[in-house]
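Residue strings, one per chain:
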Amino acid sequence: MQNFNFHSHTYRCGHADDTYTDEEYVLDYIKNGFKKISFTDHAPEKNKIDKREDMRMDYNIRNEYYNSVKKLKDKYADKIEIQTGYEIEYLPDDVENILELKKETDKLILGQHFVYDDDEKNLKVVHAGSSFEDRFLIKYGEYVEKAMELKIPNIIAHPDFVMLGREKFGELEEQVTRKICKASEKYGIPLEINLNGIFSKTYYKDRKLNNDSFDEQVKRLKNVIYPCKDFWKIVSEYNVKVVYGLDTHQRGHIDRYKELITLATMVIGEDTIKKLNFVEDV
């Protein structure tokens, strides 16, 4: 069982549990046997591009964020290794600012939630059930590939997240998946099986933590959109590094880690999971 997690958010992003402290995260990770973690909250933007509310921390509080994580790193050094980091999106004209954040932290993960619209100024955001047009899907693949080429991220978080905005997995989806796999293989940057898509439809159904039976959680898998089975089946054909990512935002998520991996195996398929190249660290 993977004993590290490099995808954790905090209340600073505006859409995580605002009662769940950084220290409580760490204590829950320790309780569940984790040996290494990274806090990777949604990255602040030096030049504000993402105009949505409650999506990322403010740029001027990042030092408070670093100081909080450092204190916990020192306090629990004998129990767990703790790193600073961000979940970032690649945009062609924002590379310099992203690289500044990379210098300030231990780890960056690329969680691409949007691309530039046709005007190259406004954002086209991936939403569940929305139509993420072909040209934007192609651009999504190009952005992820370019970020890896520039060696910006340590991990590609939820690379199949874009499938939320697609009606089906067809020829173009396969082409984009293979582009991402080839870049991941070439640059040695792992792809993440994200467990939050499952958590939000099962143990955190309707944005409320529940203690329903495991059998009841299995029934809810029919509503899970990502991880995408077709995407990961293609990944299994490549020599690509793979990790799990909890993508924690809520209290109780870490405690469901083992169950979520079991549910992810059911979604993706045991045969595919066995073919994936899971790594022990990044």
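Scroll up to find the structure this text is about.
Here's a quick rundown of the structure.

Turning our eyes to something else, we now look at the overall build of the chain. Along its length, the chain carries ten helices and ten strands. By its C-alpha atoms, the chain is 50 × 45 × 35 Å across when sized along the principal axes. Here the analysis covers contacts within the chain between residues at least 6 apart in sequence; of these, 74% occur between residues at least 24 apart. Carbon and sulfur atoms provide 45% of the accessible area of the chain, an area that totals close to 13200 Å².

All right, on to the packing of helix α4 (residues 134-149) against helix α5 (residues 171-187) then. Any two packed helices are characterised by how steeply their axes cross, that is the angle between the axes, and by the distance between the axes. At a minimum axis separation of 9 Å, α4 and α5 run at an interaxial angle of 0 degrees. In this view, α4 runs roughly parallel relative to α5, as classed from their interaxial angle. Seen from α4, the contacting residues are D134, L137, I138, Y140, G141, E142, V144, E145, M148 and E149; seen from α5, they are L172, E173, V176, K179, I180, A183, S184 and Y187. Here the contact of α4 with α5 is composed, by residue class, of ten nonpolar, two polar and six charged.

Counted under the stated rule, the structure contains zero disulfides. C181 supplies the cysteine sulfur nearest to C228, a cysteine that is in no disulfide, at a spacing of 11 Å. C228 sits in the buried class, given a relative accessible area of 10%.

Within the fold, I82 resides in strand β3 (residues 81-88). The exposure class assigned to I82 is buried, which follows from its relative accessible area of 1%. Taking C-alpha positions, I82 is 15 Å from L246, a pair spaced 164 residues apart along the chain.

Look at the link from Y226 to P227: it is a cis peptide, with omega at 10 degrees. Along the chain, P227 turns up in the loop between α7 (214-219) and α8 (229-235). At D54, a position not held by glycine, the phi torsion is positive, near 55 degrees. By the secondary structure assignment, D54 is in the loop between β2 (36-42) and α2 (62-75). Here D54 falls in the partly exposed class, since its relative accessible area comes to 48%. At H158, a position not held by glycine, the phi torsion is positive, near 25 degrees.

Another point: the nonpolar core. Judged by nonpolar contacts, the single largest core of 82 residues is most densely connected at Y86, W232 and V235. For W232, the contacting residues outside a window of four places in its chain are P159, D160, L191, E192, I193, P227, V242, I268, T272 and L276. Core analysis: the second largest hydrophobic core is formed by seven residues, F4, F6, I109 and A157 among them.

The subject of this paragraph is the side chain of K36. Along the chain, K36 falls in strand β2. Judged by its relative accessible area of 13%, K36 falls in the buried class. In terms of polar contacts, K36 uses its side chain to reach the side chain of D281, at 3.1 Å. Setting aside residues no more than four positions away along its own chain, K36 makes contact with N3, F4, N5, F6, I80, E81, Q83, D281 and V282.

This part covers the pattern of salt bridges. What the rule picks out here adds up to 29 salt bridges. When the shortest N-O distance is used, the salt bridge between E24 and R251 registers 3.2 Å. In this pair, E24 sits in helix α1 (residues 22-31) while R251 sits in the loop between β9 (241-245) and α9 (257-268), placing the two residues 227 residues apart along the sequence. With relative accessibility at 28%, the residue E24 sits in the partly exposed group. Classification of R251 as partly exposed rests on a relative accessible area of 33%. A salt bridge links D74 to K70; the shortest N-O distance between them is 3.0 Å. Here K70 and D74 lie together in helix α2, a separation of four residues that amounts to about one turn. With a relative accessible area of 49%, D74 lands in the partly exposed category.

Let us look at the packing of α1 against α2. Their axes nearest at 10 Å, the elements α1 and α2 cross at an angle of 35 degrees. Relative to α2, α1 is oriented so that their crossing is right-handed. Contact residues: α1 offers D22, E23 and V26, while α2 offers S68, L72 and K75. A breakdown of the residues in the contact of α1 with α2 according to their chemical character gives two nonpolar, one polar and three charged.

Criteria and cut-off values
Residues numbered from 1 in each chain as written. Predicted model: local features only at pLDDT ≥ 70, side-chain atom pairs only at ≥ 80, totals over all residues. Heavy atoms only, no water. Helix = DSSP H or I, 4+ residues; strand = E, 2+ residues; numbered from the N terminus. Contact = heavy atoms within 4.5 Å. Areas by Shrake-Rupley, 256 points an atom, 1.4 Å probe, with all protein chains shown as cover. Axes fitted to C-alpha atoms, helices over the stretch in contact; angles between N-to-C directions. Parallel < 35°, antiparallel > 145°, perpendicular 65-115°, else oblique. Nonpolar A, V, L, I, M, F, W, Y, C, P; charged D, E, K, R; others polar. Disulfide = S-S within 2.5 Å. Buried < 20%, exposed > 50% of the residue type's maximum accessible area, 1.4 Å probe, protein only. Core = buried A, V, L, I, M, F, W, Y, C linked by side-chain atoms within 4.5 Å. Polar contact = N/O pair within 3.5 Å; in protein donor to acceptor, adjacent residues only side chain to side chain. Salt bridge = Lys/Arg side-chain N within 4 Å of Asp/Glu carboxyl O. Left-handed = near helix turned anticlockwise from the far one by under 90°.

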